[in-house]
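Now for the letters of each chain:
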Amino acid sequence: MRLHLLLLLALCGTGTTAAALSYSLRGNWSICNGNGSLELPGAVPGCVHSALFQQGLIQDSYYRFNDLNYRWISLDNWTYSKEFKIPFEISKWQKVNLILEGVDTISKILFNEVTIGETDNMFNRYSFDITNVVRDVNSIELRFQSAVLYAAQQSKAHTRYPVPPDCPPLVQKGECHVNFVRKEQCSFSWDWGPSFPTQGIWKDVRIEAYNICHLNDFTFSPIYDKSAQAWNLEIEATFDVVSSKPVGGQVIVAIPKLQTQQMYNLELQPGKRIVELFLNISKNITVETWWPHGHGNQTGYNMTILFELDGGLNIEKSAKVYFRTVELIEEPIKGSPGLSFYFKINGFPVFLKGSNWIPADSFQDRVTSELLRLLLQSVVDANMNTLRVWGGGIYEQDEFYELCDELGIMVWQDFMFACALYPTDQGFLDSVRAEVAYQIKRLKSHPSIIIWSGNNENEEALMMNWYHISITDRPIYIKDYVTLYVKNIRELVLAGDKSRPFITSSPTNGAETVAEGWVSQNPNSNYFGDVHFYDYISDCWNWKVFPRARFASEYGYQSWPSFSTLEKVSSTEDWSFSSKFSLHRQHHEGGNKQMLYQAGLHFKLPESTDPLRTFKDTIYLTQVMQAQCVKTETEFYRRGRSEIVDQQGHTMGALYWQLNDIWQAPSWASLEYGGKWKMLHYFAQNFFAPLLPVGFENENTFYIYGVSDLHSDYSMTLTVRVHTWSSLEPVCSCVTEHLVMKGGEAVRLYEEPVSELLRRCGNCTRESCVVSFYLSADHELLSPTNYHFLSSLKEALGLCKAQITAIISQQGDIFVFDLETSAVAPFVWLDVGSIPGRFSDNGFLMTEKTRTILFYPWEPTSKRAAIRQMERHSPASWRPYLEAWFQAQLLHPLLHFPKSHPGHREAQSSPPGDLLLRS
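Counting of residues starts from 1 at the beginning of each chain's written sequence and follows it residue by residue. Local features in this predicted model are restricted to residues of pLDDT 70 or higher, and side-chain atom pairs are both shown and tallied only at a pLDDT of 80 or more, whereas totals for entire chains, interfaces and linings draw on every residue. The side-chain numbers reported here are obtained from all heavy atoms of the structure, hydrogens and water having been left aside.

1. Section: the state of the cysteines
In step 1: Counting rule for disulfides: a pair of cysteine sulfur atoms within 2.5 Å. Here the structure, examined in full by the defined rule, presents 4 disulfides.
In step 2: Across the disulfide from C167 sits C176; the S-S distance is 2.0 Å. Judged by the sign of its S-S torsion, about 105°, the bond between C167 and C176 is right-handed.
In step 3: Residue C764 pairs covalently with C769 via a disulfide, S to S 1.8 Å. Given an S-S torsion of about -90°, the disulfide between C764 and C769 has left-handed geometry.

Here is the structure:
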């Protein structure tokens with residue numbers, strides 16, 4: 001039953017009684033394995049792996065080969081139990097519920113030795129009526145079944161036809177049939193992550209007691225009425241009315257800063273009831289809208305809603321309300337077949353720039369508020385405005401979305417289905433429907449979420465026949481696909497949330513997919529929707545290998561994390577690129593070879609008699625390769641936003657794969673496990689800058705495009721400089737006339753045949769010179785300084801041994817690095833080891849004699865500790881370039897701290913392969 005309430009002019013006050021009492025069961029529980037041979041205390045929220053580690057019964061699960069060594073944990077059936085006394089008189093309450101916000105995953109629940117229910121979905125919230133079994137002193141048990149064994153049983157029971165894939169590739173060392181269990185799909189392994197199918201109570205669990213009625217859920221959606229040019233707020237409240245008689249009362253909704261207050265009366269009949277309120281905001285009141293990062297403020301308004309009900313029962317809720325509109329624009333484009341695919345936020349076309357989010361840890365109890373803020377702050381610090389919450393992980397915790405609201409990070413939200421086909425028997429669909437309805441209700445009020453997507457890559461998997469399904473059998477799987485994503489998930493989204501668009505998959509052809517019956521013949525088309533693109537064989541410096549797509553929602557290249565990150569989970573015998581550990585940690589088939597192949601196209605590979613030195617240098621080189629590859633591809637997408645070439649283009653989104661790591665291993669991430677920035681992330685803050693000059697060659701002509709994400713036009717000049725590798729003085733420089741850079745466009749600013757450029761700059765050749773360029777106005781820099789290599793660096797001529805001096809000082813919590821170089825140095829990399837924090841820039845091309853770089857620690861750090869870490873991680877990390885791999889021998893920079901400086905340390909040459917720091 002739905003009640004549409006009428007506006008009242010007055011509200012009468014009454015005495016109040018307690019609405020409900022809640023008692024949390026967080027904290028210490030008892031855990032035992034299936035045969036009772038192992039019993040230990042464990043924390044809730046938490047999981048078995050974490051409990052075993054905290055009791056010292058296992059090592060860190062990420063150490064060396066422990067993902068295999070501890071497979072037994074996931075194959076056992078564990079039981080969580082607790083005895084507790086309720087600290088209030090239970091007999092005084094009409095209804096008592098047990099609320100489980102998150103159970104991982106398959107369990108039977110006993111309360112005072114009475115079975116009260118079961119769970120089969122990690123993503124659902126469960127509520128069980130325990131009114132008739134609860135006592136003052138109680139016992140509770142959750143008897144878990146191994147998700148691995150359950151998935152195998154479900155697959156075996158599905159006898160009509162197979163539902164592929166059965167198992168992940170062998171290189172992933174994972175478990176099978178994850179598509180048969182509603183659990184974090186990547187917990188059975190992925191090509192960047194380990195297999196840790198956890199068991200446990202991973203979210204809050206509590207007892208709730210109430211009389212008369214109880215507010216179960218509360219959600220809202222701001223809606224803009226274009227015809228009235230006014231904002232409205234649709235509010236939905238779900239009640240459980242336990243009174244035997246109707247419950248009357250009044251409601252007051254207030255948003256003080258918008259001078260808005262409306263009052264309603266209501267009458268709630270016994271049972272489950274939904275109340276819908278419609279709040280009008282006067283068109284005469286200025287409502288500040290929520291904008292993505294880089295486009296405006298993230299203004300929100302505090303709202304309170306008070307239910308004053310019969311019997312003196314008061315229920316009050318408060319929330320922050322944000323106002324924004326989102327539209328997915330799919331319309332014809334002049335000069336190109338197909339349709340556009342871009343987002344308008346508050347009516348303004350926004351280029352989505354960012355990355356893909358995966359779970360921050362295999363063990364969710366390790367994901368702290370501090371870690372979430374660190375990772376999400378790193379998103380906006382790198383000039384990103386969007387994250388895609390990928391469909392093989394989890395629906396993130398509330399705090400994740402609250403931080404995205406606060407920071408202006410748009411969220412492309414997948415439902416949790418990825419890289420698989422799925423069963424559609426009624427039990428599975430019932431579980432999915434409960435999951436989807438709950439998640440929509442939980443998340444719809446967040447302005448950061450701009451789109452729902454049904455799954456990750458499942459349309460492509462089906463239509464590109466990843467699983468070798470015969471043509472005669474394909475209609476069965478298409479029917480299942482439509483049943484799950486269209487007739488169930490889409491139906492629930494359209495019913496539960498009209499404030500944002502929905503697409504069935506990613507990649508997909510959007511409106512074209514709908515027209516083709518919900519599956520397209522080529523879901524990865526450049527003319528519709530979004531694309532996922534990976535190519536590890538073609539030269540990533542050649543922009544012509546990349547697709548001129550409408551929207552690139554996945555693309556990327558692997559690299560290894562820094563040595564300081566790997567060191568924590570490895571031993572000395574592991575520190576080789578060909579070690580058993582390095583091969584084990586790589587879960588992408590051929591990944592290590594692909595990295596070296598791609599790096600070898602433009603760099604000479606490390607060669608040293610010291611295996612550790614070679615390992616560290618190889619790690620560094622993979623990060624250089626990854627950063628340069630993703631830079632080239634992202635800049636290609638950004639400069640294609642305004643043009644059609646060969647009937648393709650108008651790219652309006654670039655989300656590289658992937659933002660973060662789930663453990664310490666090679667992956668596509670730009671943030672290492674724990675948050676340390678790889679070189680790619682430093683590059684991202686430049687290639688995602690709101691104003692950016694992008695250089696590239698086509699048919700031996702050098703072009704520079706200006707890319708703007710701004711809302712206004714700007715007058716500026718473009719400066720182009722050419723250096724020889726052997727000199728810090730430019731051999732030539734030119735400054736354009738004033739240019740007007742149109743807001744929200746990418747335009748050509750400069751073109752010159754390379755031969756003319758080299759002739760004009762004296763003795764330049766492709767191998768001996770490098771081009772840099774930037775945008776400025778009135779001598780103020782408006783963009784990062786970008787660069788273009790005219791040849792592979794392994795062919796560069798004139799690169800000489802750069803001697804870099806650094807003076808380090810401390811200003812408050814910030815460290816200042818004043819650098820001075822003796823020569824042009826590409827990919828200058830600064831590293832303070834395991835000290836958490838980030839530099840203002842890193843991995844940069846140094847073409848001027850001096851440069852100041854700031855280091856921002858994420859926690860209090862002394863200068864002594866910083867210097868100690870620099871000593872610890874020299875020489876591999878303190879170098880301006882990979883020791884000039886294109887030279888015949890390894891060359892080492894010198895780091896000098898003047899003796900007059902209180903932090904004096906002097907770095908001198910010692911035997912090749914070493915850098916000795918001494919006081």
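2. Let's talk about the sheet that holds strand β37 (residues 691-698)
In step 1: Across the sheet, which stays open at both edges, the 3 strands sit in the order β37-β38-β42 with antiparallel pairing between neighbours. The strands lining the two open edges of the sheet, one partner per strand, are β37 and β42 (746-753). On average, each strand axis in the sheet is tilted by 20° relative to the strand beside it, whichever way the strands run.
In step 2: As paired strands, β37 and strand β38 (residues 701-708) are joined by 8 bridges and run antiparallel to one another. When DSSP finds at least two bridges between two strands, those strands are taken to pair. In this description a helix means any DSSP run of H or I spanning at least four residues, a strand means any run of E spanning at least two, and both kinds are numbered starting from the N terminus. Note on geometry: axes are C-alpha line fits, over the in-contact stretch for helices, and angles between N-to-C directions span 0 to 180 degrees.

3. Here's the deal with the side chain of N458
In step 1: Residue position: N458 is located in helix α8 (residues 458-463).
In step 2: Note on definitions: a residue-residue contact is assigned when non-hydrogen atoms from the two residues lie within 4.5 Å. Other than its neighbours up to four places away in sequence, N458 contacts F417, A418, C419, A420, L421, Y422, Y481, Y485 and S505.

4. Observations regarding the packing of aromatic side chains
In step 1: Side-chain rings of Phe, Tyr and Trp, where Trp is taken by its six-membered ring, are said to pair if the distance between their centres is within 6.5 Å; with planes under 30 degrees apart they count as stacked, over 60 as edge-to-face, and otherwise as tilted. Summed over the entire model, instances satisfying the criterion amount to 71 aromatic pairs.
In step 2: Consider the rings of F341 and W412, whose centres lie 6.5 Å apart with planes at 45°: the pair is tilted. Here the residue F341 occupies a position in the loop between β24 (326-329) and β25 (342-345), and W412 occupies one in strand β29 (residues 410-414), the gap between them amounting to 71 residues.
In step 3: Buried means the residue's accessible area, taken with a 1.4 Å probe over protein chains only, is under 20% of the maximum for its type, while exposed means over 50%, and partly exposed covers the values in between. Judged by relative accessible area, F341 falls into the buried class, the value being 1%.
In step 4: Note on W412 and F551: the rings are 5.6 Å apart at their centroids and 45° apart in plane angle, and the pair reads as tilted. Placement of the pair is W412 in strand β29 and F551 in the loop between β32 (531-533) and β33 (552-555), with a sequence separation of 139 residues.
In step 5: Assessed through its relative accessible area of 0%, F551 is described here as buried.
In step 6: The ring centre of Y62 lies 5.1 Å from the NZ or CZ of R366, which sits over that ring.
In step 7: A positively charged side chain is recorded as over a ring if its NZ (Lys) or CZ (Arg) lies within 6 Å of the ring centre. The angle to the ring normal must also be within 35 degrees. A cation sits over an aromatic face here: K631 above Y787, 4.5 Å from the ring centre.

5. Description of the domain arrangement of the chain
In step 1: One can read the domain layout of the chain as domain 1 (20-207), domain 2 (213-310), domain 3 (326-688), domain 4 (694-791) and domain 5 (804-878).
In step 2: Boundaries of every domain are those given by an automatic assignment or by a domain database. For domain 4 versus domain 5, the distance between C-alpha centres works out to 28 Å.
In step 3: On the domain 5 side, the residues contacting the 9 residues of domain 4 number 11 residues.
In step 4: Summed over both sides, the interface between domain 4 and domain 5 buries roughly 790 Å², with carbon and sulfur atoms accounting for 74% of that surface.
In step 5: If you sort the residues of domain 4 by the area they bury against domain 5, W725, L728 and Y787 come out on top, with a joint share of 60%.
In step 6: One side-chain nitrogen of Lys or Arg within 4 Å of one carboxyl oxygen of Asp or Glu is enough to make a salt bridge. In this structure, the connection of domain 4 to domain 5 is made through 1 salt bridge.
In step 7: Residue R721 is joined to E848 by a salt bridge in which the shortest nitrogen-to-oxygen separation is 3.3 Å.
In step 8: N or O atoms within 3.5 Å of each other form a polar contact, as long as, within protein, one can give a hydrogen and the other can take it, and as long as residues adjacent in sequence are counted only when both atoms are side-chain atoms. Here domain 4 and domain 5 share 2 residue pairs in polar contact (both at pLDDT 80 or more) between them.
In step 9: When contributions to the side of domain 4 that touches domain 5 are tallied by element, the ones reaching two or more residues are β39 (714-724) and β45 (786-789).
In step 10: With 3 residues, β39 is the single largest residue contributor to the side of domain 4 that touches domain 5. Computed with a 1.4 Å rolling probe, the buried area is the accessible surface lost when two parts are put together, summed over both parts.

6. Describing the packing of helix α7 (residues 426-443) against helix α9 (residues 474-496)
In step 1: The contact between α7 and α9 brings their axes to 10 Å, and the two run at 30°. For the element pair α7 / α9, the angle class is roughly parallel. Every pair of crossing elements has a handedness; the one defined by α7 and α9 is right-handed. Residues L429, V432, R433, V436, A437 and I440 of α7 pack against T483, L484, K487, N488, I489, E491, L492, V493 and G496 of α9. Oblique is the label for any angle not under 35 degrees, not over 145, and not in the 65 to 115 range, which are roughly parallel, roughly antiparallel and roughly perpendicular in turn. Each helix crossing is assigned a hand: it is left-handed if the near helix lies turned anticlockwise from the far helix by less than a right angle, otherwise right-handed if that turn is clockwise.

7. So, the pairing of strand β36 (residues 653-656)
A regular strand places its side chains on the two faces of the sheet in alternate fashion.
In step 1: Burial along β36 is two-sided: G653 and L655 facing one way and A654 and Y656 facing the other are all buried.
In step 2: Taken together, the 4 bridges between strand β27 (residues 352-357) and β36 define a ladder with parallel strand orientation. Within the sheet, the bridge partner assigned to K353 lies in β36 and is A654.

8. With respect to the nonpolar core
In step 1: As used here, the term nonpolar core means buried Ala, Val, Leu, Ile, Met, Phe, Trp, Tyr and Cys residues forming a set that is joined through side-chain atoms within 4.5 Å. Formed by 163 residues in total, the largest nonpolar core has its most connected members in L376, F400, F415, I489 and F827.
In step 2: Examining the composition of this core, we find that 11 residues originate from one element, helix α14 (residues 611-639), more than from any other.
In step 3: Sequence-distant contacts of F400, that is, excluding residues within four places in its chain, are made with W357, L372, L376, L387, V389 and V411.
In step 4: Counting residues in each nonpolar core, the second largest holds 37 residues, with I31, L52, I140 and L142 among its members.

9. Brief notes about the packing of helix α13 (residues 591-600) against α14
In step 1: Contact pair α13 / α14: the axes reach a minimum separation of 9 Å and the direction vectors enclose 70°. The orientation of α13 relative to α14 falls into the category roughly perpendicular. Listed contacts from α14 to M595, L596, Q598 and A599 of α13 are T618, L621, T622, M625 and C629.
In step 2: A per-class count over the contact of α13 with α14 returns 6 nonpolar, 3 polar and no charged. Note that Gly is not counted as nonpolar here; it falls among the polar residues with everything else outside the nonpolar set of Ala, Val, Leu, Ile, Met, Phe, Trp, Tyr, Cys and Pro and the charged set of Asp, Glu, Lys and Arg.

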